[in-house]
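Okay, here's what each chain looks like letter by letter:
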Amino acid sequence: MTGGIRGTKECQLKDPMDLFHSGQVVKICAPMVRYSKLAFRTLVRKYSCDLCYTPMIVAADFVRSAKARDSEFTTNKGDHPLIVQFAAKEAQVLCDAARIVCPFADGIDLNCGCPQRWAISEGYGACLINKPELVKDMVRHVRSQIDNPKFSVSIKIRIHEDLKRTVDLCQKAEAAGVSWITVHGRSIQERHQPVHYDAIKIIKQSTSIPIVANGDIKTLKDAENVHHLTEADGIMVARGLLANPAMFAGYEETPFQCIQDWVDIALEHGTPFTCFHHHLMYMMERITSKEEKKVFNVLSSTSAVLDYLNDHYGV
């Protein structure tokens, strides 16, 4: 689980709040199922990403099963600052999960935004935005049970149709001691509709903690525009970073050096083939022709992918 950081953990941990006090907009890699794992976090950190999240982990499974802990959470001493995102619906379970990762991570985040049916039917994710008292209780519990005052407790939410309810939720979380709130500017029902950046701005003006804007940010220019529109303290990106992990460093599309870096990092970390290949498919989306995609996307082994990259791109 720890990638051998046990001996040096104290000096490696960081206070994520320092980023928000730096006066710069904080550039954040979103929690992405299957994708925001250690190898990919290592890559984006090379290209000006300030803060990374793990994929969402179901807290109850994590607490109950050592197997779940080993498969869901890996880190190393360069992987900081790191936020572990949990799906949870009970305060004590969230606390127990937070206590397990506390020596190895810099904070936890409660997922109150996942709109997937399975999550909502289990009482996780976006349905929590309709339970402000529960969210408040969960934040307060973790705050009171984790001894390290630098360990952050954040939440990631979607917005309500009636924004007053979202503002109320955010103010309750703030009163409970939440470190910051990430707002995905869509409601549970909305998938590909335009993001309500105006709503994020209202939330920012209604609270006095850092607010992170999330949704449809594909380039560094987009990130700057969203910062101006919302006055948010941070910008969180998901798909934009999958397509271009060097986005935060100002590259318009994935540079070949970044592809080379991914190959090196993925091989070093023993990344499973499917994940290794999928990341490359995303990264090369904009720089390959339709014909090239047809060939590349059906390659079925690491050696075939390496040969292809070598032959076509000298990687």
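Residues numbered from 1 in each chain as written. Predicted model: local features only at pLDDT ≥ 70, side-chain atom pairs only at ≥ 80, totals over all residues. Heavy atoms only, no water.

(A) A look at the pattern of salt bridges. Per the counting criterion, the structure on display carries twelve salt bridges. The salt bridge partner of E133 is K172, with a shortest N-O separation of 3.7 Å. Taken together, the residues span a long stretch of sequence, with E133 in helix α8 (residues 132-145) and K172 in helix α9 (residues 163-175) at a distance of 39 residues. Judged by its relative accessible area of 47%, E133 falls in the partly exposed class. (Salt bridge = Lys/Arg side-chain N within 4 Å of Asp/Glu carboxyl O. Helix = DSSP H or I, 4+ residues; strand = E, 2+ residues; numbered from the N terminus. Buried < 20%, exposed > 50% of the residue type's maximum accessible area, 1.4 Å probe, protein only.)

(B) Representation of the side chain of T182. Relative to the helices and strands, T182 resides in strand β7 (residues 181-184). With relative accessibility at 0%, the residue T182 sits in the buried group. Beyond its immediate stretch of four places on either side in the chain, T182 contacts Y53, I155, K156, I157, V212, N214 and M236. (Contact = heavy atoms within 4.5 Å.)

(C) Inspection of unusual backbone geometry at higher detail. In this model, H80 is joined to P81 through a cis peptide bond whose omega is -5°. Tracing the chain through its elements places P81 in the loop between α5 (66-72) and β4 (82-87). Located in the positive-phi region is R34, a residue other than glycine, with phi close to 70°. Here R34 lies in the loop between β1 (26-29) and α3 (38-46). We classify R34 as exposed; its relative accessible area is 55%.

(D) The confidence of the model for the protein, seen in detail. When pLDDT is averaged across the protein, the result is 95; 96% of the residues are at 70 or more. Overall, residues 1-11 carries pLDDT values under 50, and its contacts beyond four positions in sequence, including any with other chains, amount to 19 contacts. (pLDDT = per-residue confidence, 0-100.)

(E) Highlighting α9. Given a rise of 1.5 Å per residue, 13 residues ought to cover 18 Å, and the 18 Å separating the end C-alpha atoms of α9 matches this to within 8%. Those residues of α9 that fall on the buried side of the exposure criterion are L163, T166, V167, L169, C170 and A173. Within α9, the buried residues cover an arc of 160° as seen down the axis, which keeps them to one side. Exposed and facing more than 90 degrees away from the buried side of α9 are K164 and A175. Contacts made by the buried residues of α9 are with α8, β6 (152-158), β7 and α10 (197-206). Taken from the residues just after α9, G177 is the one with a positive phi, measuring 100°. (Expected span 1.5 Å × (residues − 1). Arc of directions from axis to C-beta.)

(F) Spatial organisation of α10. All of the buried residues along α10 are Y197, A199, I200, I203 and K204. All buried residues of α10 project into a common sector of 155° when viewed along the axis, lining one side. Exposed side of α10, more than 90 degrees from the buried face: D198 and Q205 are the residues found there. Where α10 is buried, its residues contact α9, β7, β8 (211-214) and α11 (220-230).

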